[in-house]
Amino acid sequence: MLRFKSLGSGSSGNATLVEAQSGVHTTRLLIDCGIRLRDLEARLIEAGTCAEDLDAIFITHEHGDHIGCARSFIKRYSTPLWMSQGTWLAVCDDAWLPHQRLLNLARDGNTIEIGALQALPFTVPHDAREPLQLRCSDGNRHLGLATDLGHPSAHMVSSLQSCHALLLEANHDPEMLQASSYPSFLKQRVAGPWGHLANHAAAELLARVKHKDLNFVLAAHLSERNNTPELARASLSKAMQCAPLDIAVADPITGSAWVQV
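Throughout what follows, the structure given in this document is the object of discussion. A quick note: this is a predicted structure, and the numbers were derived from the prediction, not measured.

Thoughts on the overall build of the protein chain
Part 1 of the argument: Within the protein chain one finds nine helices and 14 strands.
Part 2 of the argument: Its C-alpha atoms give the protein chain principal-axis dimensions of about 45 × 45 × 35 Å.
Part 3 of the argument: When the 261 residues of the protein chain are sorted by exposure, 57% land in the buried category.
Part 4 of the argument: Excluding contacts between residues fewer than 6 apart, the proportion of contacts in the protein chain whose partners are at least 24 apart in sequence is 63%.
Part 5 of the argument: Here the protein chain has roughly 11,100 Å² of accessible surface; of this, 49% comes from carbon and sulfur atoms.
Part 6 of the argument: On the protein chain, the mean spot of the 22 positive side-chain charges and the mean spot of the 27 negative ones are 1 Å from each other.

Let's talk about the sheet that holds strand β2 (residues 15-22)
Part 1 of the argument: With respect to topology, seven strands assemble into an open sheet ordered β6-β5-β4-β3-β2-β1-β14, the strand pairing being mixed. Strand pairing shows two members of the sheet lacking a second neighbour, β6 (103-106) and β14 (259-260), which therefore form its edges.
Part 2 of the argument: Inspection of the sheet shows strand β1 (residues 2-8) paired to β2 by six bridges, in the antiparallel sense. Following the sheet pairing, Phe-4 is matched in β2 by Val-18.
Part 3 of the argument: With respect to the sheet, helix α1 (residues 37-46) is in contact with β1, β2 and β3 (25-31), its orientation differing from that of β1 by roughly 145°.

Structural notes on the pairing of strand β9 (residues 132-137)
Part 1 of the argument: Of all the six residues making up β9, six are buried; the element is thus mostly covered by neighbouring parts of the structure.
Part 2 of the argument: Side chains Leu-132, Leu-134 and Cys-136 project from β9 onto one buried face, and the interleaved Gln-133, Arg-135 and Ser-137 project onto a second face that is buried too.
Part 3 of the argument: Here strand β8 (residues 117-123) pairs with β9 via six bridges, running antiparallel. Bridge pairing links Leu-120 to Arg-135 in β9.

Comments concerning the environment of Gly-195
Part 1 of the argument: Structurally, the position occupied by Gly-195 is in the loop between α7 (184-191) and α8 (199-209).
Part 2 of the argument: The spacing of Gly-195 and Gly-150 is 45 residues in sequence and 4.3 Å in space, taken between C-alpha atoms.
Part 3 of the argument: Look past the residues within four positions of Gly-195 in its chain and what remains in contact with it is His-126, Asp-148, Leu-149, Gly-150, Arg-189 and Val-190.

Some points on the sheet that holds strand β10 (residues 142-146)
Part 1 of the argument: Read from one edge of the open sheet, seven strands run β7-β8-β9-β10-β11-β12-β13, paired in mixed fashion. Two strands in the sheet have a free side with no partner beyond their single neighbour: β7 (112-114) and β13 (248-249).
Part 2 of the argument: In this sheet, strand β12 (residues 216-220) lies alongside strand β11 (residues 165-169) in parallel orientation, the contact comprising five bridges. Note on β12: the bridge partner recorded for Glu-169 is Ala-220.
Part 3 of the argument: Across the sheet, α8 lies against β11 and β12, angled at about 155° from β11, the strand it touches most.
Part 4 of the argument: On the sheet, helix α9 (residues 229-240) packs against β11, β12 and β13 and is oriented at approximately 145° with respect to β12.

Quick word on the packing of aromatic side chains
Part 1 of the argument: As enumerated under the stated definition, the model contains three aromatic pairs in all.
Part 2 of the argument: Where Phe-4 meets Phe-216, the ring centres are 6.2 Å apart and the plane angle is 70°; that geometry is what we call edge-to-face. Of the two residues, Phe-4 sits in strand β1 while Phe-216 sits in strand β12, which places them 212 residues apart along the sequence.
Part 3 of the argument: For the pair Trp-88 and Trp-96, a centre-to-centre distance of 5.8 Å together with 85° between the ring planes defines the contact as edge-to-face. In this pair, the class of Trp-88 matches that of Trp-96, namely buried.
Part 4 of the argument: Taking NZ or CZ as reference, Arg-3 lies 3.6 Å from the ring centre of Trp-258, over its face.

Some words on the environment of Phe-73
Part 1 of the argument: Note on placement: Phe-73 falls in helix α3 (residues 70-77).
Part 2 of the argument: For Phe-73, a relative accessible area of 0% gives the class buried.
Part 3 of the argument: Measuring from C-alpha to C-alpha, the distance between Phe-73 and Cys-33 comes to 8.3 Å, with 40 residues separating the pair along the chain.
Part 4 of the argument: Setting aside chain neighbours within four positions, we find Phe-73 in contact with Cys-33, Leu-37, Leu-40, Leu-44, Ala-51, Leu-54, Ile-57, Ser-78 and Thr-79.

Reading the values: rules and limits
- Residues numbered from 1 in each chain as written.
- Predicted model: local features only at pLDDT ≥ 70, side-chain atom pairs only at ≥ 80, totals over all residues.
- Heavy atoms only, no water.
- Helix = DSSP H or I, 4+ residues; strand = E, 2+ residues; numbered from the N terminus.
- Buried < 20%, exposed > 50% of the residue type's maximum accessible area, 1.4 Å probe, protein only.
- Contact = heavy atoms within 4.5 Å.
- Areas by Shrake-Rupley, 256 points an atom, 1.4 Å probe, with all protein chains shown as cover.
- Lys, Arg positive; Asp, Glu negative; His and termini not counted.
- Charge placed at Lys NZ, Arg CZ, Asp CG, Glu CD.
- Pairing = 2+ DSSP bridges.
- Axes fitted to C-alpha atoms, helices over the stretch in contact; angles between N-to-C directions.
- Phe/Tyr/Trp six-rings, centres within 6.5 Å; stacked < 30°, edge-to-face > 60°.
- Lys NZ or Arg CZ within 6 Å of the ring centre and 35° of its normal.

Here it is as structure tokens:
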């Protein structure tokens, strides 16, 4: 059995819990660690587990809303940590070096085996050193997780084929972004090919990976200033050919309910 739960998604902090069960053993992988430590500990308990039960943490890239509390987390719990070499080089300093023994390097296309879970990293276009997103499987069901995407690259589309569920970035509405109080450089960065996926681009990506067995889509990493759940749902539901309320939306603070893939 494969299931997942967003613990929070947005510029205020990102973390997603993925579980794979084989017999009586459950493997737990935390993807990103951008929420304040005490809040993350509380949200794991609310999810029915705890920090000590995590088998590993995977960091997608070095931006603070994804890696913010990772160092303090592994310092407290000695949890094995995965990230790309580029991400490690971007964050490595004297404070990180004592925890290097917990580090495992991930690479595009190299499957990571963690208990009952297989995690396949794939590169994405984003303005980070070596960003990776993930495809997770229990050997039967497949979950695609893709946020912080500047544009729908061919490699990303290929990596997300035949998934049964998706956590997909729908970051902003272009009109809201351009009308916002963001400075011009930030608007250009967010909307650019290495920034974040607009609603219509997320819908384009979804249309390219949609198939008859894709049964759940969670819109994630919505901008609190430059998007609304209604706009994200409207775009993605057209691609899925479903009702807008059939598209779930991850909340910045509460995340999502558990979803069985």
